Amino acid sequence: MTDIRSDNSNAAPTQSLAGRLGWIDAVKGLTIIFVVLHHSIAGFRFDPTFPEWIRTFNYSLDPVRMPLFFLVAGLFAKKAIDGPADKFIRGKVIYFLYFYLLWSMIIFTFRFGLNAITNSTTYWWEILIIPWDPLPTIWFLYALMLSFVILRLLRGVPPVYIVGFAAIIQAQFLLNVWPEGVVVIADKLAKLFVYFAIGVYASEWIRSSAVKARALPVIALWIGFLGLSIAALSGGFEKLPLVYFSLSALSASAIIGTVVLASNAGKAKWLVTIGSFSLYIYLTHFLPVAGTRIILSKILGITEPLVVIPLSVLAALVFGIVFCKVLTGSRLQWLIKVPDRVLNRTLSLPFGTATRT
């Protein structure tokens, strides 16, 4: 996710995208749309009249959505992982923890305060367990920080062992061997860490291959993904480790190839813009998604999912971008930017000591 930043930048996006690989921002834009779409659909999970085909469609994106998120997050992570300890602590530990803790409090306050009008119940004690059980819409930041820390601590281990072990852990999770539900953030990492590791260690190969994308191979990838997905869902074997991983690999390759082709044709600028604001969309999307659904269904009487869901997604994208632009340079900028006094604190951690600059 852009601005869940692999470049350690703590500045809000500007209109200048110089120095960025546009297709990567475009892929990140698409992934944040997938995430917002997922949570928009999840808002109907207790509706018995909700169309089953939409549930199936959303379920079919499970090997696509977060695996691609983690893969792309790792593409520019190697430099930070191998870099100076102080820069790593500021850029990958303090940075993510700041947003995770701050926005966990904000999200909890809204969810708890709106219990009476939402379709789920938030309990007071949920904020106390976020070290191991994050709130539903903010866990990625925590998981991403932990992924950086894990690879930092394992720098001396050959990548093939790390990726191989991560794949075994994922297989245990998918086969229900992993003790799921004990430590929720560990469940997320068990399922998805392998993609971050691949993004880190195969970054150069992925980026060099992406720029060579051609239409026919990309079409073949889409056919392979759709064929395997339909067969797996029909046969009930979509959670078999090799099948799940293959679906992730095929979809990631097809999406990256498609976005590269669209970028080369000048058709992906809107995705690049969304991608460059993805952190702020991710942080805030819980509010416009829920708010749009409540306004449409409870005030205007509009309950049709094919109306509510697209409008919820659009509202979340627009809100996140406007939120960032309005707060940038204001007294409330600390909501979207880590204050310097926080980043410059002296810390001592297992992988090195961060000192003031």
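Points about the overall build of the chain
In terms of regular secondary structure, the chain is built from 16 helices and two strands. Taking 2.2 N^0.38 as the reference for a compact globule, 357 residues should give roughly 21 Å; the C-alpha atoms of the chain span a radius of gyration of 20 Å, in line with that estimate. Along the three orthogonal principal directions, the C-alpha set of the chain runs to about 55 × 50 × 45 Å. By residue count, 50% of the 357 residues in the chain fall in the buried class. For the chain, restricting intrachain contacts to residue pairs at least 6 apart in sequence, the fraction spanning at least 24 positions comes to 80%. In the structure as shown, the chain presents an accessible area of about 16700 Å², 69% of it carried by carbon and sulfur atoms. With 30 positive and 16 negative side-chain charges, the chain shows a spacing of 9 Å between the two charge centroids.

Digging into the packing of aromatic side chains
All told, the structure shown has 20 aromatic pairs when counted by the stated rule. Judged by centre distance (5.6 Å) and plane angle (5 degrees), the ring pair of tyrosine 123 and tryptophan 125 falls under stacked. On the accessibility criterion, tyrosine 123 (42% relative accessible area) is partly exposed. By relative accessible area, tryptophan 125 is classed as partly exposed at 39%. Cluster of aromatic residues (ring-pair linked, three or more members): Tyr95, Phe96, Tyr98, Phe99, Phe148, Phe193 and Phe196. Arginine 152 extends its terminal NZ or CZ atom over the ring of phenylalanine 88, reaching a point 4.9 Å from the ring centre. One cation-aromatic arrangement involves lysine 188 over tryptophan 139; the distance from NZ or CZ to the ring centre is 4.6 Å.

The rules behind each value
Residues numbered from 1 in each chain as written. Predicted model: local features only at pLDDT ≥ 70, side-chain atom pairs only at ≥ 80, totals over all residues. Heavy atoms only, no water. Helix = DSSP H or I, 4+ residues; strand = E, 2+ residues; numbered from the N terminus. Rg over C-alpha atoms; globule rule 2.2 N^0.38 Å. Buried < 20%, exposed > 50% of the residue type's maximum accessible area, 1.4 Å probe, protein only. Contact = heavy atoms within 4.5 Å. Areas by Shrake-Rupley, 256 points an atom, 1.4 Å probe, with all protein chains shown as cover. Lys, Arg positive; Asp, Glu negative; His and termini not counted. Charge placed at Lys NZ, Arg CZ, Asp CG, Glu CD. Phe/Tyr/Trp six-rings, centres within 6.5 Å; stacked < 30°, edge-to-face > 60°. Lys NZ or Arg CZ within 6 Å of the ring centre and 35° of its normal.

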